Amino acid sequence: MKEKIEKILSEVKSFHADSKEALEQFRIQYLSKKGTITELFTEFKQVAPEMRKEMGMRLNELKNTIQDIIDEQQKQFETKSEGKTDLDLSLPVDAMNGSRHPLSIVRNEINDIFKRLGFVVAEGPEVEDDFHVFSALNFPPDHPARDMQDTFFVTKSPDVVLRTHTSSVQVRVMEQGKLPIRIIAPGRVFRNEAISARAHCIFHQIEGLYIDKNVSFADLKQTLYHFVQEYFGEGTKVRFRPSYFPFTETSAEMDISCNICGGEGCNICKHTGWVEILGCGICDPNILKACNIDPEEYTGFAFGMGIERIAMLKYQINDLRMFFENDLRFLKQFENA
Ligand code: DAH
């Protein structure tokens, strides 16, 4: 009898009901009036008196184990039938379906490099007023950038426009009056331009601004040099060319050695070996004044770059329209980026 009990015990322990009906069948087989346990109790009457105590205990143990198994598995069916599961559907997903857009990938990578240098991400509105896009940035009233050709006007009075550059975020941050400032401002900008392989009426920029005591052009150069080495690889050369922006004095444009031909000359770099990637400079004292920052005490540098341009160089994309057409054959190539 001992062996029989052991055998049944191991059988029932491995039982798993896949339906309520199967569980009921199991109960009938073992615990009903004509079931296995009843049979065993009948057999028990013939057990020799000296074995009774032990066999009785084993038999009761078996009966309880079977009851526990039934109770436990019964619970699962009850929760399922109430529509509850162990899944918490309100939890955020940790695996993303699909993939990021190449412009988001590039923006995040650029952000990360500057964040490691202590820059924090700042944002501002896409629909802006003339003050933040132009006046506070030292654009003279008749500056061509205010012209209808470039700017999308929303209303004329008050002067509301779609921002033509993320430099407007500089002004928003400076106005808050918390110094020092070390921000990068990625965002979408709008210009009334004909759509072509090289231009679009909507594109993206990343603006950088650093204002503190004793910030110099050397700091600007070193920061941007570091960015280029990190993003385009060590050994990428940089050069600064004098330029003009209303909000910086001194102003420069920065070129990097063409990462496509390695400086040999190709049609991307127009056979010069160099490609321009950003504008930059030392903040003009006038823009600090417009935001109530004392230019005698504080100096700063700023830079601005187009995300599309950086992405085109990084991934050797020769038509800017690709970014906006959402052709899956294009987007799928960035699945693992
Ligand atoms: N805002 C300029 C543009 O859209 C880019 C730029 C140039 C930003 C120089 C800057 C800068 O902060 O210092 O073309």
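The coordinates are above.
A short tour of the structure in this document, coming up. As the structure is a prediction and not an experimental result, all values here were calculated from the model.

### Some thoughts on the packing of aromatic side chains
The description of an aromatic ring pair uses the distance of the two centres, along with the angle that the planes make with each other.
Argument step 1. Throughout the structure, instances matching the rule amount to 18 aromatic pairs.
Argument step 2. Relative to tyrosine 231, the ring of phenylalanine 227 lies with its centre 5.9 Å away and its plane at 10°, an arrangement referred to as stacked. Of this pair, phenylalanine 227 and tyrosine 231 both sit in helix α8 (residues 217–232), four residues apart, which is roughly one turn of that helix. No difference in accessibility class separates phenylalanine 227 from tyrosine 231, as the two residues are buried.
Argument step 3. Three or more aromatic residues joined by ring pairs form one cluster here, namely Phe114, Phe119, Tyr210, Phe227, Tyr231, Phe232, Phe301 and Phe303.
Argument step 4. Note that arginine 52 overlies the ring of phenylalanine 44, its terminal NZ or CZ placed 5.5 Å from the centroid.
Argument step 5. The ring of phenylalanine 153 has lysine 156 lying over it, and the distance from NZ or CZ to the ring centre is 4.3 Å.

### Digging into the sheet that holds strand β3 (residues 153–155)
Strand pairing in a sheet relies on backbone hydrogen bonds. The paired strands run either parallel or antiparallel.
Argument step 1. Ordered in space as β2-β4-β3, the three strands form an open sheet in which the pairing is antiparallel. Every other strand in the sheet has two partners, leaving β2 (127–129) and β3 as the edge strands with one partner each. Each adjacent strand pair in this sheet contributes to an overall mean axis angle of 35°, direction not counted.
Argument step 2. Two elements, β2 and strand β4 (residues 160–162), share three bridges in a ladder whose sense is antiparallel. Across the sheet, residue valine 127 finds its bridge partner in β4, namely leucine 162.

### Let's talk about the side chain of histidine 200
Argument step 1. Its location among the elements puts histidine 200 in the loop between β5 (181–190) and β6 (202–212).
Argument step 2. Within the structure, histidine 200 has its side chain in polar contact with the backbone nitrogen of isoleucine 202 (distance 3.3 Å).
Argument step 3. Not counting the four nearest positions on each side in its chain, histidine 200 is found in contact with Arg191, Glu193, Ile195, Leu320 and Phe324.

### Some thoughts on unusual backbone geometry
Argument step 1. Here leucine 179 and proline 180 are connected by a cis peptide whose omega angle stands at -5°.
Argument step 2. Looking along the chain, the bond that leaves glutamate 249 and enters threonine 250 is cis, with omega of 5°.
Argument step 3. Here the phi dihedral of lysine 270 falls at roughly 50°; this positive angle occurs in a residue that is not glycine.
Argument step 4. Mapped onto the secondary structure, lysine 270 falls in the loop between β8 (248–257) and β9 (274–283).
Argument step 5. A relative accessible area of 60% places lysine 270 in the exposed class.
Argument step 6. For asparagine 326, which is not glycine, the phi dihedral falls at a positive 55°.
Argument step 7. What makes asparagine 326 partly exposed here is its relative accessible area of 49%.

Calculation criteria
- Residues numbered from 1 in each chain as written.
- Predicted model: local features only at pLDDT ≥ 70, side-chain atom pairs only at ≥ 80, totals over all residues.
- Heavy atoms only, no water.
- Phe/Tyr/Trp six-rings, centres within 6.5 Å; stacked < 30°, edge-to-face > 60°.
- Helix = DSSP H or I, 4+ residues; strand = E, 2+ residues; numbered from the N terminus.
- Buried < 20%, exposed > 50% of the residue type's maximum accessible area, 1.4 Å probe, protein only.
- Lys NZ or Arg CZ within 6 Å of the ring centre and 35° of its normal.
- Pairing = 2+ DSSP bridges.
- Axes fitted to C-alpha atoms, helices over the stretch in contact; angles between N-to-C directions.
- Polar contact = N/O pair within 3.5 Å; in protein donor to acceptor, adjacent residues only side chain to side chain.
- Contact = heavy atoms within 4.5 Å.

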